[in-house]
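# Overview (structure and organization)
Chain residues, written in single-letter form:
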Protein chains: 2
Amino acid sequence: MISVVIIGYGNVAHHLINAFSEAKKVNLIQIYNRSIKKIEHLKEKKNITNNLQDLKKANIYIISVSDDAIEEVSSKIDIENAFVVHTSGATSIQKLKNTGRKGVFYMLQSFSKNKKVDFNKIPFCLETENKADLLLLEELASSIGKKIYHISSEQRKQLHVAAVFVNNFTNHLYKIGNDICKKNGIPFEILYPLIKETASKVENLSPIEAQTGPAKRNDGKTIKNHLDLLNTEQQTIYKLLTQSIQNG
Amino acid sequence: MISVVIIGYGNVAHHLINAFSEAKKVNLIQIYNRSIKKIEHLKEKKNITNNLQDLKKANIYIISVSDDAIEEVSSKIDIENAFVVHTSGATSIQKLKNTGRKGVFYMLQSFSKNKKVDFNKIPFCLETENKADLLLLEELASSIGKKIYHISSEQRKQLHVAAVFVNNFTNHLYKIGNDICKKNGIPFEILYPLIKETASKVENLSPIEAQTGPAKRNDGKTIKNHLDLLNTEQQTIYKLLTQSIQNG
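Notes on the structure follow. Fair warning: this is a prediction, and the values are worked out from it, not measured in the lab.

Here we come to the relation of the copies chain A and chain B. The transformation that overlays chain A on chain B combines an axial shift of 0.0 Å with a rotation of 180°, and the residual RMSD is 0.0 Å. Between the two chains, the operation in question is that of a two-fold axis. In terms of proximity to the rotation axis, the leading residue of chain A is Thr170(A), whose C-alpha is 2.7 Å off the axis. The share of interface residues of chain A whose copies in chain B are also at the interface is 100%, consistent with both copies meeting through the same surface.

What follows is about helix H7 (residues 220-229) of chain A. Here H7(A) has its buried residues at Thr222(A), Ile223(A), His226(A), Leu227(A) and Leu229(A). Down the axis of H7(A), the sector holding all buried residues measures 155°, keeping them to one side. Away from the buried face of H7(A) by more than 90 degrees, exposed residues Lys221(A), Lys224(A) and Asp228(A) are located. Contacts from the buried residues of H7(A) go to helix H8 (232-247) of chain A together with helix H4 (153-183) of chain B.

Let us look at the interface of chain A and chain B. In this complex, chain A contributes 81 residues to the contact, which on the side of chain B involves 81 residues. With both sides pooled, the region where chain A packs onto chain B buries about 8100 Å², and carbon together with sulfur makes up 66% of that total. Our count for the chain A to chain B interface comes out at four salt bridges. In this structure, the salt-bridge partner of Lys221(B) is Asp68(A), at a minimum N-O distance of 3.6 Å.

So, on to the sheet that holds strand S1 (residues 2-7) of chain B. Residues and elements named next belong to chain B. A sheet is described by the order of its strands in space; here eight strands give the open sequence S3-S2-S1-S4-S5-S6-S7-S8, paired in mixed fashion. Of all strands in the sheet, those bounded by a partner on one side alone are strand S3 (48-49) and strand S8 (147-150). Alignment of strand S6 (residues 101-107) against strand S7 (residues 123-128), held across five bridges, turns out to be antiparallel. From the neighbouring strand, Tyr-106 faces S7, where its bridge partner is Cys-125.

With that settled, consider unusual backbone geometry. A positive phi angle, close to 55°, is found at Asn218(A), a residue other than glycine. Overall, the relative accessible area of 59% leaves Asn218(A) in the exposed class.

Structurally, the position occupied by Ile151(A) is in the loop between strand S8 (147-150) and helix H4 (153-183). Remark: the alpha-carbon pair of Ile151(A) and Phe124(A), spanning 27 residues in sequence, is separated by 9.1 Å. Those residues within four positions of Ile151(A) in sequence are excluded, and the remaining contacts are Cys125(A), Leu126(A), Glu127(A), Arg156(A), Leu159(A), Ile186(B) and Ile190(B).

Relative to the assigned elements, Asn171(A) resides in helix H4. For Asn171(A), the residues in contact, after removing those within four places along its chain, are Thr198(B), Val202(B), Pro207(B), Ala210(B) and Gln211(B).

All names here are of chain A. Because side chains alternate across strand S5 (residues 83-86), one face comprises the buried residues Phe-83 and Val-85, and the other comprises Val-84 and His-86, equally buried. Examined bridge by bridge, strand S4 (residues 60-63) and S5 share three bridges and lie parallel to one another. Within the sheet, the bridge partner assigned to Ile-62 lies in S5 and is Val-85. Following the chain from S4 across helix H2 (residues 70-75) to the adjacent parallel S5, one finds a crossover that is right-handed. Where S5 meets strand S6 (residues 101-107), four bridges bridge the pair, whose relative direction is parallel. The partner of Phe-83 across the bridge, within S6, is Arg-101.

A separate point is the pattern of salt bridges. Residue and element names in this part refer to chain A. Tallied over the full model, the rule gives 22 salt bridges over all chains. For Glu-71, the salt bridge goes to Lys-95, with nearest N and O atoms at 3.7 Å. Of this pair, Glu-71 sits in helix H2 while Lys-95 sits in the loop between S5 and S6; the two residues are 24 residues apart in sequence, bridging distant segments of the chain. By relative accessible area, Glu-71 is classed as partly exposed at 35%.

Moving on: the packing of H4(A) against H4(B). Two elements in contact, H4(A) and H4(B), have axes whose closest approach is 9 Å; the angle formed by their N-to-C orientations is 180°. Taken together, the axis directions place H4(A) and H4(B) in an arrangement best described as roughly antiparallel. Partitioned by chemical class, the residues of the contact of H4(A) with H4(B) number 22 nonpolar, six polar and no charged.

Residue and element names in this part refer to chain A. Counted according to the given criterion, the structure contains 14 aromatic pairs over all chains. Measuring from ring centre to ring centre gives 5.7 Å for Phe-188 and Tyr-192, while their planes differ by 85°; the resulting arrangement is edge-to-face. The structure contains a cluster of three or more aromatic residues connected by ring pairs, namely Phe-105, Phe-111, Phe-119 and Phe-124.

So, about the pairing of strand S4 (residues 60-63) of chain B. All names here are of chain B. Residues Ile-60 and Ile-62 point to one face of S4 and Tyr-61 and Ile-63 to the other, with burial holding for every one of them. Of the strand pairs in this sheet, S1 and S4 are connected by four bridges, and their pairing is parallel. Among the inter-strand pairings, Val-4 is bridged to a residue of S4, identified as Ile-60.

About the criteria used
Residues numbered from 1 in each chain as written. Chains lettered and ligands numbered in written order. Predicted model: local features only at pLDDT ≥ 70, side-chain atom pairs only at ≥ 80, totals over all residues. Heavy atoms only, no water. Least-squares fit on C-alpha atoms with pLDDT ≥ 70 in both. Contact = heavy atoms within 4.5 Å. Buried < 20%, exposed > 50% of the residue type's maximum accessible area, 1.4 Å probe, protein only. Helix = DSSP H or I, 4+ residues; strand = E, 2+ residues; numbered from the N terminus. Arc of directions from axis to C-beta. Buried area = accessible area lost by both parts, 1.4 Å probe. Salt bridge = Lys/Arg side-chain N within 4 Å of Asp/Glu carboxyl O. Pairing = 2+ DSSP bridges. Right-handed = clockwise from strand over helix to strand, strands pointing away. Axes fitted to C-alpha atoms, helices over the stretch in contact; angles between N-to-C directions. Parallel < 35°, antiparallel > 145°, perpendicular 65-115°, else oblique. Nonpolar A, V, L, I, M, F, W, Y, C, P; charged D, E, K, R; others polar. Phe/Tyr/Trp six-rings, centres within 6.5 Å; stacked < 30°, edge-to-face > 60°.

If you want it as structure tokens, here you go:
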């Protein structure tokens, strides 16, 4: 049995609490949040607190707060040799300022509060300072998930920026597609199957092999026709990405 | 029963031949290709030809050749009042130069020769010059599929450029994600679940509502950290898309 305290109550914490509550190997003994109001509904089933001095003894303390608060919150955990991990993709393990052991328990996915999470499909990116703690984090991850990776702070930074490209920026291209459809009375749903196919193709084919379209085949006539249909901002993006595809 | 002749043997034609061969309401009576060699393996089951003067009588002639060849190929079909349709997303109905009736039978999806196509999930974008032909094309589409839309040539042009954003350009962002991973010894597969989640999210949430990340929340510190990790070309794309997200 692994005893866990969760610190924070954002999207990630919310889903972790649900998952750990159902996991057989995990004993979720306490939840901390700065504002007690937001976690009061958990009171009947779990011990809750808004005081970091009142944390109970546990095998692992999971800090799941905004990136900027990790340093301060971790510095206030003064339980001897406590094993404290954060869940941030963009934050180095070094930002943890507790005096004990440190680690990272980063789940690479975009969490929404209202959407159920299938942890079996989520990659757990783990980092610790020593082997024993790594085994402990692996055990915790495997109690709710399957896909476990060892990712250093340096790699995690890179992974985080890669995620911005395949998530935020990709979503912005969907937004442009949606804008074009809306403007022309076309239901955006016509593009759903193509969006899904594009996303699933890269699991079998590397993105560079999967590429098709006017940029790839250097079809200047179609590119010109397309540019004529776009507004200035869309044109700038179209031109830059076309050129980048052609650079290979 | 709808009798059909398919003209051309690219990816789209290949999958249409398979689908029509299994459809109960369709009689695929002939396949034309400029090079007879490429379709010779179909000889035992279908009538084949490489001569447009030898086309058999049919309810619908489907031209599925490269965009540039549509005009010439259609002009050579001299069967009286023949109903000729093309399958191109980027080509106006007016490019058909046959003397009879004209239409468009455009399936919005990225086809690969080796990957089986689920036509039930593919949007059929139909256009004709008159109502009777539209009903005929609808019947043909519903013999192999379910999602049927009426899309004018003007709308189809717009849809085609929107498809470049959500398919080619999105795939290029996956390629950049892959490049970053490769360079840092990170398995690209870690990003698959995020890629899939991003793609499926827009079915329930508009892309603008689904947006998250440093650009959206105006997190200049993270943006600066990200830029420091990228090469010049990646930086240019990162900056432009970040700004475009912030423009809203």
